[in-house]
Amino acid sequence: MAGELEAALTRVADSGWYLLGPELEEFEREYAAYCGTRHCVGVASGLDALELTLRAAGIGPGDEVIVPAYTWVATWLAVSAVGATPVGVDVEESTYNLDPTAAEAAIGARTAAIVPVHLRGEPADMDAIDSVARQRGLLVVEDAAQAHGARHRGRRTGGLGDAAIFSFYPAKNLGALGDAGAVTTDDEELAGKLRLLRNYGMRNRYEIESAGVNSRLAEIQAAVLRAKLPWLDGWNAARSGHAEAYREAFAEQPAIGVPRTPQWADPVWHLFIITHPDRDACRESLAGRGIESLVHYPQLPHMSGAYPEGTWRGGPFPVAERLAATSLSLPLYPQLAADRRDAVAAAVLATLSEAAAGAA
Ligand SMILES: *Cc1c(COP(=O)(O)O)cnc(C)c1O
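Residues numbered from 1 in each chain as written. Predicted model: local features only at pLDDT ≥ 70, side-chain atom pairs only at ≥ 80, totals over all residues. Heavy atoms only, no water.

Chemist: I tried to follow the state of the cysteines on my own but got confused; where do I start?
Modeler: Between two cysteines, a covalent bond joining their sulfur atoms is known as a disulfide. In the structure shown here, the tally under the stated rule is zero disulfides. The thiol of Cys35 is unpaired, and the distance to the nearest cysteine sulfur, on Cys40, comes to 6.9 Å. According to the relative accessible area criterion, Cys35 is buried, its value standing at 5%. Residue Cys40 is classed as buried on the basis of its relative accessible area, which comes to 2%. (Disulfide = S-S within 2.5 Å. Buried < 20%, exposed > 50% of the residue type's maximum accessible area, 1.4 Å probe, protein only.)

This is the structure in structure tokens:
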């Protein structure tokens, strides 16, 4: 991998072509093929990918977009950025993903789109979501920023709705050496609009067709992503191995909540999130053993400074808010050593006996 990365970096540095060149074209072709879509359009970040997709689809002021309450704030910010209103919907207790029944109940006269998030790398219930959206004529944009390579009934994320957005932020399952993102879609017109929008709205050097932005996926990042893409499935398999081991370790412990994987889902485990009765004490105890845990996400979008009253709709979100208060993410990455992972699981289990001893 290191050799391939270095070769990619040198190739671009020596080429003298740094934006919208052959590396991006090849990456777009390769990533579209990987996702099983006709088109891929590279942009500067996952947030831009979602914002530009909504804009290209004509969504704007007066429109509402249904989003899960339990997600990274970017999902909501893209909706607000085009002038539309995010309508939050609670997530399923079992999968932490958008609840299709709640999404259907949130549809109103102004609803224009649904953005399901494949959180943690686990596909959302796309059959139910697509069917609701089709009946109501709504656009479906997958937020697949955490789900590169995940499958739903054997089909990869990226091709399960009208369009999908990916982030190649360095820590994602497929990461660049900096910011990058992409949109995948079978819709040729949408892809064409995105190609204009990402480059100032330029049809050609001397003609600006519409008001666009500067959101380009740099050649150097495209080359890095091309070097890494052949490794993605192997990395995802390593992640799945760790997830299975964690799941087994906690199987007999009802106090530890572990998300369920529906039988139709092949997740890629961007995150391994559990719930714990005393989350903060657990994290402290882990930290004392030199184990870093994270929380995704203690502050949900609707609780954040970005969303004062009047800027969003929806709720209540009892499941999402419970997850914000009780969940923690355990170390999980492809290079994680098995004995290290087992030590993490043992340390989490030890916090339960500590709590029991403390209570006695
Ligand atoms: C990372 C992420 C994004 C945003 O991607 P950036 O490349 O950081 O802009 C959007 N949605 C979700 C769910 C993410 O995890």
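Next, the rest of the story.
Chemist: I tried to follow the packing of aromatic side chains on my own but got confused; where do I start?
Modeler: Any aromatic ring pair is given by two values, namely how distant the centres are and how the planes are angled relative to each other. For the structure on display, the rule yields 15 aromatic pairs. Ring centres of Trp231 and Trp235 lie 6.3 Å apart, and the angle between their planes is 25°; on these two criteria the pair is classed as stacked. An aromatic cluster is defined as three or more aromatic residues linked by ring pairs; in this entry it consists of Phe27, Tyr31, Tyr34, Phe166 and Phe168. Between the NZ or CZ atom of Arg156 and the centre of the ring of Tyr34, over which it lies, the distance is 3.8 Å. (Phe/Tyr/Trp six-rings, centres within 6.5 Å; stacked < 30°, edge-to-face > 60°. Lys NZ or Arg CZ within 6 Å of the ring centre and 35° of its normal.)

Chemist: Any chance you could explain helix α7 (residues 188-197) here in plain terms?
Modeler: Owing to its 3.6 residues per turn, the α-helix brings residues three or four apart onto one side. Every buried residue of α7 is accounted for by Leu190, Ala191, Leu194, Leu196 and Leu197. Sitting at the amino-terminal end of α7 is Asp187, which places a side-chain oxygen 3.0 Å from the backbone nitrogen of Glu189. (Helix = DSSP H or I, 4+ residues; strand = E, 2+ residues; numbered from the N terminus. Polar contact = N/O pair within 3.5 Å; in protein donor to acceptor, adjacent residues only side chain to side chain.)

Chemist: Honestly, the nonpolar core in this entry has me stumped. Any pointers?
Modeler: Side chains of nonpolar character tend, in soluble globular proteins, to be buried together. The biggest cluster of nonpolar side chains holds 46 residues, and the ones touching the most others in it are Leu54, Ile59, Val65 and Tyr70. In terms of residue count, helix α3 (residues 46-56) provides more of this core than any other element does, five residues in total. Summarising the domain contributions, this core has at least three residues from each of domain 1 (2-231) and domain 2 (232-359). Beyond its immediate sequence surroundings of up to four residues, Tyr70 is in contact with Val91, Tyr96, Leu119, Ile273, His296, Tyr297, Leu300, Ala320, Leu323, Ala324 and Ser327. (Core = buried A, V, L, I, M, F, W, Y, C linked by side-chain atoms within 4.5 Å. Domains from an automatic or database assignment. Contact = heavy atoms within 4.5 Å.)

Chemist: Would you explain the packing of helix α10 (residues 279-288) against helix α12 (residues 338-359) in this entry?
Modeler: What describes two packed helices is the angle between their axes and the distance between those same axes. The geometry of α10 relative to α12 is characterised by a closest axis approach of 10 Å and an angle of 125° between their N-to-C directions. The orientation of α10 with respect to α12, classified from their angle, is oblique. Between α10 and α12 the crossing geometry is right-handed. The segment α10 lies against α12, with Cys282, Ser285 and Leu286 engaging Val344, Ala347, Val348, Thr351 and Glu354. The class makeup of the residues in the contact of α10 with α12 is five nonpolar, two polar and one charged. (Axes fitted to C-alpha atoms, helices over the stretch in contact; angles between N-to-C directions. Parallel < 35°, antiparallel > 145°, perpendicular 65-115°, else oblique. Left-handed = near helix turned anticlockwise from the far one by under 90°. Nonpolar A, V, L, I, M, F, W, Y, C, P; charged D, E, K, R; others polar.)

Chemist: For this particular structure, what's the right way to read the pattern of salt bridges?
Modeler: Between side chains of opposite charge, a pair can form as their charged atoms come close. Evaluation of the coordinates by the stated rule reveals 18 salt bridges. Between Arg226 and Glu23 there is a salt bridge; the shortest N-O distance is 3.0 Å. Note that Arg226 is positioned in helix α8 (residues 219-228) and Glu23 in helix α2 (residues 22-35), a separation of 203 residues in sequence. Under the relative-accessibility criterion, Arg226 is labelled partly exposed at 23%. The salt bridge involving Arg198 is made with Glu28; its shortest N-O contact spans 2.8 Å. Separated by 170 residues along the polypeptide, Arg198 in the loop between α7 and β10 (202-204) and Glu28 in helix α2 bring together distant segments of the chain. (Salt bridge = Lys/Arg side-chain N within 4 Å of Asp/Glu carboxyl O.)

Chemist: Would you mind showing me how to read the sheet that holds strand β6 (residues 151-152) here?
Modeler: Within a beta sheet, neighbouring strands are joined by backbone hydrogen bonds and run either parallel or antiparallel to one another. Taken together, the three strands give an open sheet; going across it, the order is β7-β6-β12, and neighbouring strands pair in antiparallel fashion. Of all strands in the sheet, those bounded by a partner on one side alone are β7 (155-156) and β12 (265-266). Note that β6 and β7 share two bridges and pair antiparallel. Residue pairing across strands places His152 opposite Arg155, the latter belonging to β7. (Pairing = 2+ DSSP bridges.)

Chemist: Just to check I follow, could you spell out the site of the ligand for this structure?
Modeler: In the vicinity of the ligand lie 13 residues, with Gly46, Leu47, Asp143, Ser167 and Lys172 positioned nearest. Leu47 places a main-chain nitrogen or oxygen 2.8 Å from an oxygen atom of the ligand. Contact distances for the ligand include 2.8 Å between a nitrogen atom and a side-chain N or O atom of Asp143. Looking at the shell around the ligand, the elements that each hand over two or more residues are α3 and α4 (73-81). Per-class residue counts for the shell around the ligand are five nonpolar, six polar and two charged. (Near = heavy atom within 4 Å.)

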